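One-letter residues, chain by chain:
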Amino acid sequence: MSSQMPHLSRASSFTSRKHEPSSTKMATLVVSRPPIAGFSFENCKRNVLLEGEASKLGCSLPAARKTGTTICGVVFKDGVVLGADTRATEGMVVADKNCSKIHYISPNIYCCGAGTAADTEMTTQIISSNLELHSLSTGRLPRVATANRMLKQMLFRYQGYIGAALVLGGVDCNGPHLYSIYPHGSTDKLPYVTMGSGSLAAMAVFEDRYKPDMEEEEAKRLVRDAIAAGIFNDLGSGSNIDLSVITKGNVDYIRPHDEANKKGIR
Amino acid sequence: MATRTLFHSPLRPVEDFVGAGFAPDVSSYYTTQAEVRAYHRESVTKGDKMNSRGLRSQLKDSVPVAGLCPQGAYGLQDSLRSGFTSIKNELLPSHPLELSEKNFQLNQDKMNFSTLRNIQGLHAPLKLQMEYRAARQIQRLPFLPSSNLALDTLRGSDESIGFEDILCDPAQSEVMGEPHMMVEYKLGML
């Protein structure tokens, strides 16, 4: 089914049809219903079949790129510190040695993403756009709770098939807030959170040394140590440590804060 | 001057809709007053009674179908147009999210309308649904992309971006349906 039909709005392309050589016959699809926007599930059955065939032959289909990660966040006296490692894996291979896992949501809200890299990227971009439209409509700086609600409702709608585990942090008119959002749509509002494959290592550091109302330097050191624990003790995390310090009216995006695993130095 | 549509704003009161009747602008993008008069004349001479419901709302696919059943006549598969059938395809969805995504907008609307009915009484969802029906009929011909501006404004989706704006955007599709077939299908002639 060749589908070279030019778009109707370009009128000039219609006149050029007369001059095309007769060997290029254009066929139009016979489509009785207009195409539906959004996710298309047409290929699902075919994919299941292909996976079955591939496993019979002994090989496997390529895996999606995951971020197999350590991400964490902590609330300190004046704001929020978010931290992340920078390794992206594709099965057993490192796909990206220096990927950026702290995504921009709004000038006062940032979000770290673990799980499938494409899912976290697209989800945070969609929510960022929606939040921008929302803040233009209300005329106010967006709140972290709004971003949390939007993310939670979208992830629940897709029942966990969008593999995005997020740590959302920011400072709004009510002070600093930190949320962790799981792929199925549940959220937790806590003073310190960790997510990803290295979350246990990072949480061990937090549980040992967290105190409420820390200073900024102390909080940065704590997050750096937590991510380093994840980098050294988890296969899925590695490379550098990125930090993002959000306070009222100011964001410090420190990339890289620390090069824990420098390439070439054993 | 050609009138664009009969409604100038989606929020007109109920009486205006009932009296005016919907323009049967079946074959034209814009309806002119002359055409409306001609239609009236013809239907009178043919002895058809002027149906108070707009023709558009009786056209195929104007009400979305919930579920996976085939959309041919009497629920049978239309092999010529929709290809071969497979009972498994009709009974089981190919992905657990398929049905839920297909009916997402419908279910959201149902939930919102029932909440509204419980809070404000029957009149509120009734008026809103009338406006939705009116706005849904403001469409271009089936093979052309419609902006659905009034519908978007009513729904509030003009201020939000979702996957339906990014993935499989019908305005950016590389293929165009065969115009005659699509219009004939819509009119139920096919």
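These remarks concern the structure in this document. Since we're looking at a predicted model, the values are computed, not measured. (Residues numbered from 1 in each chain as written. Chains lettered and ligands numbered in written order. Predicted model: local features only at pLDDT ≥ 70, side-chain atom pairs only at ≥ 80, totals over all residues. Heavy atoms only, no water.)

Relative to the 24 Å expected for 17 residues at 1.5 Å per residue, helix α6 (residues 104-120) of chain B spans 24 Å between its end C-alpha atoms, a close match to the ideal helical length. Immediately downstream of α6(B), the backbone of B:G121 shows phi near 100 degrees, a positive value. (Helix = DSSP H or I, 4+ residues; strand = E, 2+ residues; numbered from the N terminus. Expected span 1.5 Å × (residues − 1).)

Going through the model one piece at a time under the given rule, you end up with eight aromatic pairs over all chains. Arranged with centres 5.5 Å apart and planes meeting at 85 degrees, the rings of A:Y158 and B:F163 form a pair that is edge-to-face. Of this pair, A:Y158 sits in the loop between α4 (144-157) and β7 (164-172) while B:F163 sits in helix α9 (residues 163-166), placing the two residues on different chains. Assigned by exposure class, A:Y158 and B:F163 land together as buried. With centroids separated by 5.7 Å and ring planes inclined at 90 degrees, the aromatic side chains of B:F113 and B:Y132 adopt a geometry described as edge-to-face. Here B:F113, found in helix α6, pairs with B:Y132, found in helix α7 (residues 123-136); they are 19 residues apart in sequence, far enough to count as distant. (Phe/Tyr/Trp six-rings, centres within 6.5 Å; stacked < 30°, edge-to-face > 60°. Buried < 20%, exposed > 50% of the residue type's maximum accessible area, 1.4 Å probe, protein only.)

Our focus in this paragraph is the pattern of salt bridges. Side chains carrying opposite charge are able to pair once their charged atoms draw close together. Residue and element names in this part refer to chain A. Per the stated rule, a full pass over the model turns up ten salt bridges over all chains. A salt bridge links E215 to K77, with the nearest nitrogen and oxygen atoms 2.9 Å apart. In this pair, E215 sits in the loop between α5 (199-209) and α6 (216-233) while K77 sits in the loop between β1 (71-75) and β2 (79-85), placing the two residues 138 residues apart along the sequence. With a relative accessible area of 42%, E215 lands in the partly exposed category. With its nearest N and O atoms 2.6 Å apart, the salt bridge here joins R209 to D225. Here R209, found in helix α5, pairs with D225, found in helix α6; they are 16 residues apart in sequence, far enough to count as distant. R209 sits in the partly exposed class, given a relative accessible area of 36%. (Salt bridge = Lys/Arg side-chain N within 4 Å of Asp/Glu carboxyl O.)

Mapped onto the secondary structure, A:I36 falls in the loop between α1 (11-16) and α2 (44-57). Each C-alpha atom of the pair A:I36 and A:I105 lies 28 Å from the other, and the pair is 69 residues apart in sequence.

A cis geometry characterises the amide bond from A:R255 onward to A:P256, with omega recorded as -5 degrees. Counting through the fold element by element, A:P256 comes out in strand β12 (residues 250-258). Its identity as a non-glycine residue notwithstanding, B:N148 has a phi of 55 degrees, on the positive side. With respect to the helices, strands and loops of the structure, B:N148 is situated in the loop between α7 and α8 (149-155). Take B:N148: its relative accessible area is 25%, and that puts it in the partly exposed class. For B:C168, which is not glycine, the phi torsion reads 55 degrees and is therefore positive. Position of B:C168 among the secondary structure elements: in the loop between α9 and α10 (179-187). According to the relative accessible area criterion, B:C168 is partly exposed, its value standing at 44%.

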